[in-house]
Amino acid sequence: MIEMPNVIGFTQEGAVKELESRGLVPSCFMVVNDGSYASGCVVSCSAEAGTSVEAGSVIVVYIAADPSVENVPATPEQPAASGNTDTADGSAGSPRRLHGIRHGLSKIRKSERAKRGNHSMNSAEHYTTRYLETDDLDQYNALLRYTFQVTEEELTATGWKDDEIKQSKFPVLERADVLGCFDGDTLVSQFAVYPLKMNIYDEVYHVGFVTSVCTYPEYTGQGIMKKLMIQGLTRMYEEGKTFALLYPYSIPLYHHLGWEIVSNKISFNIKDRQIPTKVQAPGYVRRVAWDNTDFHELHSHFASVTHGCLFRNNLAWEEYWRWDEDDTNVAIYYNMKDKPCGYMVYLIKNDIMHIKEMIYLNREAQKGLWEYIHAHDSMIDEVHGNTYFSEPIAFEMDDGDIKESIRPYAMGRIVDVESFLEDYPCDPDGGELCIDLEIEDTLLPWNNRTFTVRFADGHCKVVNAPAEYKLKMGIGTLSTLLLGYKTADRLYELERIEGREEAAERLDDVLFHKIPYISDYI
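For clarity, every value in this text was computed on a predicted model and none was experimentally measured.

**Q** Please set out the sheet that holds strand β5 (residues 58-64) residue by residue, giving values where relevant.
**A** Read across the open sheet, the three strands follow the order β2-β5-β3; overall the sheet is mixed. In this open sheet, the two edge strands, each paired with only one partner strand, are β2 (25-31) and β3 (42-45). Between one strand axis and the next, the sheet turns through 30° on average, direction left out of account. The sheet contact formed by β2 and β5 spans seven bridges and is parallel. Of the residues in β5, the one forming a bridge with S27 is V60. Its contacts with the sheet put helix α1 (residues 12-21) on β2, β3 and β5, and the angle it makes with β2 is roughly 155°.

**Q** Break down the pattern of salt bridges for me, citing the residues and quoting the values.
**A** According to the stated counting rule, one finds 18 salt bridges in the structure shown. The closest approach of N and O atoms between E239 and R235, which form a salt bridge, is 3.0 Å. Highlighted residues: E239 and R235, both in helix α7 (residues 224-239), separated by four residues, approximately one helical turn. For E239, a relative accessible area of 39% corresponds to the partly exposed category. Given the relative accessible area of 27%, R235 is considered partly exposed. Notably, a salt bridge pairs R413 with D441, separated by 2.6 Å at the nearest N-O pair. One end of the pair, R413, is in strand β22 (residues 411-414); the other, D441, is in the loop between β23 (433-440) and β24 (450-456), and 28 residues separate them in sequence. Taking relative accessible area as the criterion, R413 reaches 0% and is therefore assigned buried. A relative accessible area of 2% means that D441 is categorised as buried. Look at the salt bridges and you will find they share partners, linking D177, R235, E239 and K241 into a network.

**Q** Which residues make up the side chain of N447, and what values do they have?
**A** If you trace the backbone, N447 turns up in the loop between β23 and β24. Aside from chain neighbours lying at most four places away, what touches N447 is R413, I414, V415, D416, V417, I439, D441 and I475.

**Q** For the sheet that holds strand β19 (residues 352-360), give the residues involved together with the corresponding values.
**A** Here seven strands make up an open sheet; going across it, the order is β15-β17-β18-β19-β20-β14-β21 and the pairing mixed. Of all the strands in the sheet, the pair left with one neighbour each is β15 (284-288) and β21 (403-408). Sheet twist, expressed as the average angle between the axes of neighbouring strands with direction ignored, equals 25°. Bridge analysis of strand β17 (residues 329-334) against strand β18 (residues 340-349) gives six bridges, and the strand direction is antiparallel. Residue pairing across strands places Y333 opposite G342, the latter belonging to β18.

**Q** I'd love a proper account of unusual backbone geometry, names of residues and values included.
**A** The phi angle at D351 is positive, at roughly 65°, despite the residue not being glycine. You can see D351 is positioned in the loop between β18 and β19. Taking the relative accessible area as the measure of exposure, D351 reaches 43% and is therefore partly exposed. You will see that D457, though not glycine, has its phi angle at about 55°, which is positive. Positionally, D457 belongs in the loop between β24 and β25 (459-462).

**Q** Quick one: what's the story with the side chain of S189, residue by residue and with numbers?
**A** Take S189: it is sitting in strand β10 (residues 186-200). Here S189 falls in the buried class, since its relative accessible area comes to 0%. Among the polar contacts listed, one links the side chain of S189 to the side chain of T215, at a separation of 2.8 Å. When residues no more than four places from it in sequence are discounted, the contact partners of S189 are L143, L179, G180, C181, C214, T215, I224, M225 and L228.

About the criteria used
- Residues numbered from 1 in each chain as written.
- Predicted model: local features only at pLDDT ≥ 70, side-chain atom pairs only at ≥ 80, totals over all residues.
- Heavy atoms only, no water.
- Pairing = 2+ DSSP bridges.
- Helix = DSSP H or I, 4+ residues; strand = E, 2+ residues; numbered from the N terminus.
- Axes fitted to C-alpha atoms, helices over the stretch in contact; angles between N-to-C directions.
- Contact = heavy atoms within 4.5 Å.
- Salt bridge = Lys/Arg side-chain N within 4 Å of Asp/Glu carboxyl O.
- Buried < 20%, exposed > 50% of the residue type's maximum accessible area, 1.4 Å probe, protein only.
- Polar contact = N/O pair within 3.5 Å; in protein donor to acceptor, adjacent residues only side chain to side chain.

So, in structure tokens, the structure goes:
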């Protein structure tokens, strides 16, 4: 345990250095300042000075903004080092980060104390954990609203009312395993696993999407979230779910617990003059309703042939649309035989076409959708979009001088190595290979051992037989390797795999190599 230093009044830079020197992980938020504080200085932390916190804990640091700034972004700065997953702002939470803290720190504290009641905190050993039920909906919603800073203004802007938000969360509590930590009767931390199916090299895996992960700031630094994660992943193991996904708030935090990056998100900005003009397709495009059968079935078909894609059930579709504006459109490309082959989801606002998602089963559909985009050139000045194919689109443009950015998107983790490998397909042209894989997993003990794996005829199996080679790696490295995000050779170069280089090369021979397409957030 480490004694929390007193950094109140420090500059942000000074506080970060002091906390990092103690082995703690600072996560800084700017808060609206009415002039009572010196701008740029620390006004509060999630742990009180003098208290004991675990090494590697995340400490939320509230920094006073310039008094002249009225709207302060709520996105925290990324922690600089790995550590405990106990974050106040919702690790694996909403990718929107939900725009801003609208009140000063004192108002936030006063409001939330009123909601939760002015009870005294018990010591950590007296906390209890259990799975949430629908009777816990109010507390579940309040914790989400607080940690993600969802304000009434934002709900109004997207057409939601507070009661509607709570009602919409009923299916999550009914269909997901939501594990909560309680201080007395008060929910202080939660960890949800929603069951989904995922295409991994044309095999359908039962997986868990980790979401709604959050803790009230005053309860961080006590290892609560790590304990919830172990319980949640153990439940997945018992239910036969061999792989877990999440959208990370902080990559270093999840690295520390065996998670690794498995997919990318590419964002692009295209000027109207750069939209392809020479593309033509023989089919046609029709705009359809959000609940259109062709639209939903097309995604299911796409998921069945696309490595990494999640199959969307009803709740996944509900979450897909949760924060979209009413003017969001769906356009489907049909071929000459009236078969749907691709779609795009988009919104036109302030002379910009915002493409949320564009998928296609073939090149014809891709060209047909770009032809449809070009048909809007008199209405728009720019096209802003996202793609999850991990392939930059600039090369395909007539004018490739566009703005593109790539960032990690989903992180993944194998929950049960042996069961995962039972269904895992491999390259039948890679020959036979019997190899010892020594896996380090400090979180889940059943994975923390050596697996002798035989690859042959497009399949693999854990066996009891002499091995030709041996490699050593962490569970996160194995996860990103088997999902196809990185090759064994590249991971060997990065010193993430230990052993002989020849062994890494032979392992690459028997594996498929394709970066997963993962676009969903639950």
